[in-house]
Amino acid sequence: MHCTETLMWKEINESAVGCRAAKAADTAIIADIVRAVKKKKVAGVTIAARGTSDHAGFFAKYLIETKIGLPVSLAAPSVYTVYDGALCLKNQLVIGLSQSGHAADAIEVLTRARAAGAVTVAITNDPTSPMAECAEFHLDCVQGPEKSVAATKTFIGELYLVLALVAKWSGAAELKDAQKRVPAIIEKVYKMSEYIEQLAMRYRFINDSFVLARGYAYSLAFEFALKTQETCYIRSRGYATSDFYHGPVAQISAGTPVFLFALSDKLTEDSHKMLDRVKEMGGDVFAYTTDAGILAKADSGILLPECDEISAIFAASTAMQLFACALSVARGLNPDQPRGLSKVTITK
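This write-up is about the structure you can find in this document. (Residues numbered from 1 in each chain as written. Predicted model: local features only at pLDDT ≥ 70, side-chain atom pairs only at ≥ 80, totals over all residues. Heavy atoms only, no water.)

**Some thoughts on the overall build of the protein chain**
- Across its full length, the protein chain carries 14 helices and ten strands.
- A compact globule built from 348 residues should have a C-alpha radius of gyration of about 20 Å, and the protein chain, at 19 Å, falls within 12% of that.
- Taken along the three principal axes of its C-alpha coordinates, the protein chain extends 55 × 40 × 40 Å.
- The 348 residues of the protein chain split such that 57% are buried.
- Within the protein chain, residue pairs in contact and separated by at least 24 positions form 74% of the contacts whose partners lie at least 6 positions apart.
- Looking at the protein chain, you have 37 positive and 37 negative side-chain charges, and the mean spots of the two groups are 4 Å apart. (Helix = DSSP H or I, 4+ residues; strand = E, 2+ residues; numbered from the N terminus. Rg over C-alpha atoms; globule rule 2.2 N^0.38 Å. Buried < 20%, exposed > 50% of the residue type's maximum accessible area, 1.4 Å probe, protein only. Contact = heavy atoms within 4.5 Å. Lys, Arg positive; Asp, Glu negative; His and termini not counted. Charge placed at Lys NZ, Arg CZ, Asp CG, Glu CD.)

**Concerning the sheet that holds strand β10 (residues 300-303)**
- If you trace the five strands from one edge of the open sheet to the other, you get β7-β6-β8-β9-β10, paired in parallel fashion. Both edges of this open sheet fall to β7 (235-240) and β10, since each of them pairs with a single strand only. Between one strand axis and the next, the sheet turns by 15° as a mean value, whatever way the strands run.
- Here four bridges tie strand β9 (residues 284-289) to β10, and the two strands are oriented parallel to one another. Paired with Ala287 across the bridge in β10 is Gly301.
- Strands β6 (208-213), β8 (257-262) and β9 of the sheet are contacted by helix α12 (residues 268-280), whose axis makes an angle of about 170° with β8. (Pairing = 2+ DSSP bridges. Axes fitted to C-alpha atoms, helices over the stretch in contact; angles between N-to-C directions.)

**Details of the packing of helix α2 (residues 15-40) against helix α8 (residues 173-190)**
- Relative to each other, α2 and α8 sit at 165°, their axes nearing to 8 Å. Classified by the interaxial angle, the pair formed by α2 and α8 is roughly antiparallel. The chirality of how α2 crosses α8 is left-handed. Seen from α2, the contacting residues are Ser15, Ala16, Cys19, Arg20 and Lys23; seen from α8, they are Gln179, Pro183, Ala184, Ile186, Glu187 and Tyr190.
- Looking at side-chain class alone, the contact of α2 with α8 contains six nonpolar, two polar and three charged residues. (Parallel < 35°, antiparallel > 145°, perpendicular 65-115°, else oblique. Left-handed = near helix turned anticlockwise from the far one by under 90°. Nonpolar A, V, L, I, M, F, W, Y, C, P; charged D, E, K, R; others polar.)

**Topic: the pattern of salt bridges**
- Inspection of every chain in the model, using the stated rule, returns 16 salt bridges.
- Across the pair Asp105 and Arg50 runs a salt bridge, and its minimum N-O distance is 2.7 Å. Taken together, the positions of Asp105 in helix α5 (residues 104-115) and Arg50 in the loop between β1 (44-48) and α3 (51-67) put the pair 55 residues apart, joining distant regions of the chain.
- What makes Asp105 buried here is its relative accessible area of 1%.
- Residues Lys67 and Glu174 are paired through a salt bridge, measuring 2.8 Å at the closest nitrogen-oxygen approach. Taken together, the residues Lys67 in helix α3 and Glu174 in helix α8 connect sequence positions 107 residues apart. (Salt bridge = Lys/Arg side-chain N within 4 Å of Asp/Glu carboxyl O.)

**Considerations on a positive patch on the surface**
- A cluster of like positive charges, contributed by Lys23, Lys38, Lys168, Lys176 and Lys180, occupies part of the molecular surface.
- The topology assignment puts Lys168 in helix α7 (residues 153-170). (Patch = residues over 30% accessible without salt bridge, like charges linked within 9 Å, V, L, I, M, F, W, Y side chains within 5 Å. Areas by Shrake-Rupley, 256 points an atom, 1.4 Å probe, with all protein chains shown as cover.)

**Topic: the pairing of β9**
- Where burial is concerned, most of β9 is hidden: six out of the six residues are buried.
- Burial of β9 is two-sided: the residues Asp284, Phe286 and Tyr288 facing one way and the residues Val285, Ala287 and Thr289 facing the other way are all buried.
- Examined bridge by bridge, β8 and β9 share six bridges and lie parallel to one another. Within β9, the position partnered with Phe259 by the bridge is Phe286.

So this is what it looks like as structure tokens:
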């Protein structure tokens, strides 16, 4: 099997089209949501999600807190589903994220929040799903059916709708501009696919890795770790670079693979410092970056298309998905059918 024959690879290559479709389908609904949150004068945001969608929630947390100035919490669904707790959410915006829209515990959070008077929004890839129906508002990723077990284009779709919502809510010109640029940036990464496939071959025998990022890219550390766990069976761990110094860095030894996302001018010094530290300890660094200086220091990596930090999140997301797919096939695996997994995972 070649990676281009997999459903995962094909679905990654559909995300740019999906983003354009989502913009057309969801713009009016996003305007309604913004009117509702402003009328309600929401005091905070709560996000309910699991797995890949949880990682999209990390991105939402950073974006909302930096651009809107409201605190964002990540829901603990067990408070409801295990302990039958009651939270005061009447002045909150509660967002549920689920590719399938069948995440039972996240649905419970939305249902309870709506009953408590919160503004509730579901972001899914299925407008007929239980999550879409339980929320006051629904945003459709419009990515089309996703058949590979690994979530790829739907993750991009969730990120894109979070960006679109915060762009409208904040009125920030740089976010509106990024929203327009994202599909074309993703398509530039598609053109790098053969090169990415070649780079993945270097790592086909690894069994462990660390994935590091910070800021808006924090979500990508966890999502790339998950993708390599489920499609490549690599024991990967995601960390914020700032947290990695507090103990985990001691695990680095000669040849330890470390994947570093360095996408922000604001974090250039931080990225160089971490790269230098890992190299001093003998680690092997692969960089996803827009900075040629970072790439020159790394052992390997991908120089992403030149763009702003937000657009770079989408470029890096696409590149890491292609990399994970190519790496899975290089290891003799089928990324569409990971062992022990199914497309929809329901937890309560």
